[in-house]
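# Structural description and commentary
Below, each chain spelled out in residue letters.
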Amino acid sequence: MATMAECRSALDRLSDNLAGADGDVRGAAALDRSLSCHIKDLDITFTGRLTDGRIQVLDTVEGPPREKAEIRLAMTGDDLVAMVDGDLNFAKAWGSGRVRLEAGFRDLLRLRSLL
């Protein structure tokens, strides 16, 4: 089971990957939205913003997110680490229910290029 530090490191690496992306991926990540990532097996939530093509983690709270972020993710810590490492395909994990992504319709349309 991934630790909180490993999950935080994975989010930082994901942020670096988004910041260095080109084309459609860079455009999709250029949103300015509140973001939460609930790690179900650790029962913690990283909260922050997706802004300027980067994920800025501002806080870590116990339990599910206390406020409804504009973009909401939920998964296990192992799945987060595996996705960032390239060992788990996001689209397949989302389609099978291993990863939950909730956002407004327009944001989902923009984020689909990240899949």
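Here we summarise the structure given alongside this text. None of the values given here were measured: they were computed from a predicted structure.

## Some words on the overall build of the protein
Each helix and strand in the protein was counted, giving five helices and five strands. For the protein, the N- to C-terminal ordering of α and β elements is α-α-β-β-β-β-α-α-β-α. For 115 residues, the compact-globule estimate of 2.2 N^0.38 gives 13 Å, and the C-alpha radius of gyration of the protein, at 13 Å, lies within 12% of that figure. In terms of overall dimensions, the protein has C-alpha extents of about 35 × 30 × 25 Å along its principal axes. Out of the 115 residues in the protein, the part that is buried amounts to 41%. Here the contacts in the protein between residues at least 6 apart in sequence split such that 59% fall between residues at least 24 apart.

## Side note on the side chain of Ser34
Within the element layout of this structure, Ser34 appears in strand β1 (residues 33–39). What makes Ser34 buried here is its relative accessible area of 18%. There is a polar contact of 2.8 Å between the side chain of Ser34 and the backbone nitrogen of Glu70. With residues up to four places along the chain from it excluded, the contact list for Ser34 reads Gly48, Arg49, Ala69, Glu70 and Ile71.

## Notes on empty space enclosed by the protein
Taken as a whole, this structure holds one cavity of 30 Å³ or more when the rule is applied. Put simply, the largest cavity is a space of about 50 Å³. Contributing to the lining of the largest cavity are Leu11, Leu35, Cys37, Phe46, Thr47, Gly48, Arg49, Ile55, Gln56 and Val57. Among the elements that make up the lining of the largest cavity, the one with the highest residue count is strand β2 (residues 44–51) (four residues). Of the residues in the lining of the largest cavity, the class split is six nonpolar, three polar and one charged.

## Quick look at the environment of Asp85
Along the polypeptide, Asp85 turns up in helix α3 (residues 77–85). The sequence separation of Asp85 and Ala10 amounts to 75 residues, and the corresponding C-alpha distance is 8.1 Å.

What counts as what
- Residues numbered from 1 in each chain as written.
- Predicted model: local features only at pLDDT ≥ 70, side-chain atom pairs only at ≥ 80, totals over all residues.
- Heavy atoms only, no water.
- Helix = DSSP H or I, 4+ residues; strand = E, 2+ residues; numbered from the N terminus.
- Rg over C-alpha atoms; globule rule 2.2 N^0.38 Å.
- Buried < 20%, exposed > 50% of the residue type's maximum accessible area, 1.4 Å probe, protein only.
- Contact = heavy atoms within 4.5 Å.
- Polar contact = N/O pair within 3.5 Å; in protein donor to acceptor, adjacent residues only side chain to side chain.
- 1 Å grid on protein atoms, 1.4 Å probe; cavity = no way out; pocket = protein on both sides within 12 Å on 5 of 7 lines; lining within 4 Å.
- Points joined across faces, edges and corners; volume = space filled by probe spheres on them.
- Nonpolar A, V, L, I, M, F, W, Y, C, P; charged D, E, K, R; others polar.

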